[in-house]
Amino acid sequence: MSKLGQAKRIIFLKTADGQLFEVDEPVAMEFEIVKSFFDENEDAADDTVVPLPNVSAEPLAGIIEFCKAHVEFRANGAAGKDEVKKFNAEYIKEKSNEQLKELILAANYLNIKEMLDFLTETIANRLKNKSVEYVRAFFGIENDFTPQEEEAVRKEYEWAFEGVDED
Amino acid sequence: MDSVCEKQGKSHKLGKDGDAPKITIECLPREISFNILSSLSITSLAKIKFVCRAWCNLAKGPHLINMHFLRMTENDPCFILQQDYPVQDQNYFVDFSARNESYKALKKFCVPSMPKFDIVGSCNGLLCLRYSSSPASHSLCIYNPFTGDYLKLPEPTKVSHKEMVNVFGFGFHPTTKEYKVIAICFESENSLLYRDLYTDKELEAQVLTPGSSAWRRVGKLPYNFLGLWSSPILLNGRLH
């Protein structure tokens with residue numbers, strides 16, 4: 001903790017695929033897992049490399065981008081304003097479903113609450129009012145109902161199937 | 001530490017070089033799946049039952065429903081409307097959590113087990129229904145329009161040989177975390193007429209916790225009805 005106050009400290013993070021990231025301390029401290037690493041090893045040297053064996057470079061780069069922007073928003077007192085919403089919308093616009101899932105897994109491992117909440121909401125929005133087939137494909141789930149069973153449950157919940165969006 | 005890192009890094013790369021392995025639901029921690037699913041609208045949530053058997057059970061279990069319900073009460077209330085004209089007993093719900101979805105949020109649902117009924121009250125998405133075969137009908141049931149589950153309730157205890165008229169209320173007791181149905185009963189010479197209400201009838205209150213077998217008589221009421229034209233409202237544990 002004693003080192004938190006020092007100016008412009010750089011934290012080194014190493015991903016599962018062996019890439020080294022240099023991250024500004026305030027951004028790296030958004031990752032609960034990194035923060036507790038330094039809390040537990042107070043006398044860790046400044047050039048300590050924190051291994052992140054469950055995260056690969058691509059999602060980590062995306063996460064750093066997100067956290068960096070949000071740290072700045074907070075510093076400028078812009079948290080919760082339209083600026084943030086605009087950034088968030090832009091941020092996810094180009095992300096594929098697969099990328100989103102990689103991000104949420106990584107954000108979960110790194111334990112970044114704000115980003116996790118945001119990704120959860122984003123994925124839920126993508127699933128909203130989609131067909132059952134789309135949801136299955138999204139989560140990679142096999143349909144294990146027999147056609148008769150499926151027909152029976154579908155009849156019971158006809159209202160849920162009115163006006164489903166195209167996938 | 002580093003060597004472990006290298007190893008895992010390699011195996012990950014192998015996966016990437018071939019067909020990139022898709023991330024399936026098994027890879028996502030349960031907590032995340034629950035968080036995602038509980039942010040869905042009722043309509044979308046109802047559909048997850050068709051995804052596979054495991055999710056069907058998930059959707060029927062209390063955990064996901066409770067999480068979803070907490071979110072709903074914070075953000076998105078839902079209305080249930082009953083329409084009697086031009087066709088009787090048409091039921092709709094307005095799903096506000098679906099208001100951003102590009103379709104109408106008004107959905108029709110039906111109560112398959114009951115052809116004719118009045119809505120006594122609703123609470124936390126559950127409906128308390130009364131068979132409306134006659135105005136003095138005492139048959140009640142609790143119905144969940146989204147799961148289709150329903151529970152028939154026993155009739156209130158008869159206080160005398162005469163016909164009884166009951167006014168019902170349905171609510172949730174926040175301290176005991178139980179649902180309660182309250183009945184205010186009085187004798188009536190002719191149960192079809194509410195004229196008796198305005199005379200000084202003795203009123204008695206009874207309480208039922210759905211799931212238990214009998215109503216509990218809680219005593220006489222010191223008040224009279226003002227009228228029965230508006231439906232009774234159960235608010236903060238009190239029937240108005």
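Reading the values: rules and limits
- Residues numbered from 1 in each chain as written.
- Chains lettered and ligands numbered in written order.
- Predicted model: local features only at pLDDT ≥ 70, side-chain atom pairs only at ≥ 80, totals over all residues.
- Heavy atoms only, no water.
- Pairing = 2+ DSSP bridges.
- Helix = DSSP H or I, 4+ residues; strand = E, 2+ residues; numbered from the N terminus.
- Axes fitted to C-alpha atoms, helices over the stretch in contact; angles between N-to-C directions.
- Core = buried A, V, L, I, M, F, W, Y, C linked by side-chain atoms within 4.5 Å.
- Buried < 20%, exposed > 50% of the residue type's maximum accessible area, 1.4 Å probe, protein only.
- Domains from an automatic or database assignment.
- Contact = heavy atoms within 4.5 Å.
- Salt bridge = Lys/Arg side-chain N within 4 Å of Asp/Glu carboxyl O.
- Expected span 1.5 Å × (residues − 1).

**Section: the sheet that holds strand E6 (residues 140-143) of chain B**
Residues and elements named next belong to chain B.
Turning to step 1, where the next piece is worked out: An order of E4-E5-E6-E7 is seen for the four strands of this open sheet, with the pairing classed as antiparallel. Two strands close off the open sheet at either side, each with one partner strand: strand E4 (117-123) and strand E7 (150-153). This sheet shows a mean twist of 25° between the axes of neighbouring strands, independent of strand direction.
Turning to step 2, where the next piece is worked out: Relative to E6, strand E5 (residues 126-131) is paired through four bridges, and the arrangement is antiparallel. Residue pairing for E6: Cys128 is matched across the bridge by Ile142.

**Overview of the nonpolar core**
Turning to step 1, where the next piece is worked out: Ranked by size, the top nonpolar core spans 67 residues in total, and within it A:Leu13, A:Phe31, A:Ile63 and B:Trp55 carry the most contacts.
Turning to step 2, where the next piece is worked out: The element best represented in this core is helix H3 (residues 57-75) of chain A, accounting for nine residues.
Turning to step 3, where the next piece is worked out: Mapped onto the domain boundaries, this core takes at least three residues apiece from domain 1 (10-127) and domain 2 (132-161) of chain A.
Turning to step 4, where the next piece is worked out: Excluding its chain neighbours within four sequence positions, the residues that come into contact with A:Leu13 are A:Gln19, A:Leu20, A:Phe21, A:Val23, A:Phe31, A:Val34, A:Val49, A:Val50, A:Leu52 and A:Leu60.
Turning to step 5, where the next piece is worked out: In this structure, B:Cys128, B:Ile142, B:Phe170 and B:Cys185 belong to the second largest nonpolar core, which totals 14 residues.

**Details of the pattern of salt bridges**
Turning to step 1, where the next piece is worked out: On inspection of all chains with the given rule, the structure shows ten salt bridges over all chains.
Turning to step 2, where the next piece is worked out: Salt-bridge contacts for B:Glu178 lead to B:Lys180; the nearest nitrogen and oxygen are separated by 3.3 Å.
Turning to step 3, where the next piece is worked out: Under the relative-accessibility criterion, B:Glu178 is labelled partly exposed at 33%.
Turning to step 4, where the next piece is worked out: Shared partners join several salt bridges into a network, and the residues in it are A:Glu30, A:Arg74 and A:Glu114.

**Notes on the environment of A:Asp47**
Residue and element names in this part refer to chain A.
Turning to step 1, where the next piece is worked out: For Asp47, the location among the structural elements is in the loop between helix H2 (32-40) and strand E3 (49-52).
Turning to step 2, where the next piece is worked out: Here Asp47 falls in the exposed class, since its relative accessible area comes to 56%.
Turning to step 3, where the next piece is worked out: Asp47 sits 36 residues away from Ile11 along the chain, and the two C-alpha atoms are 7.3 Å apart.

**Section: helix H5 (residues 97-110) of chain A**
All names here are of chain A.
Turning to step 1, where the next piece is worked out: Between its first and last C-alpha atoms H5 spans 20 Å; for 14 residues at 1.5 Å apiece the expected length is 20 Å, and the two agree.
Turning to step 2, where the next piece is worked out: Turning to H5, its buried residues are Leu100, Lys101, Leu103, Ile104, Ala106, Ala107 and Leu110.
Turning to step 3, where the next piece is worked out: Looking at the residues trailing H5, positive phi occurs at Asn111, about 60°.

**Topic: the environment of B:Ile142**
Turning to step 1, where the next piece is worked out: Mapped onto the elements, B:Ile142 comes out in strand E6.
Turning to step 2, where the next piece is worked out: It is 4.5 Å that separates the C-alpha atoms of B:Ile142 and B:Cys128, two residues lying 14 residues apart in sequence.

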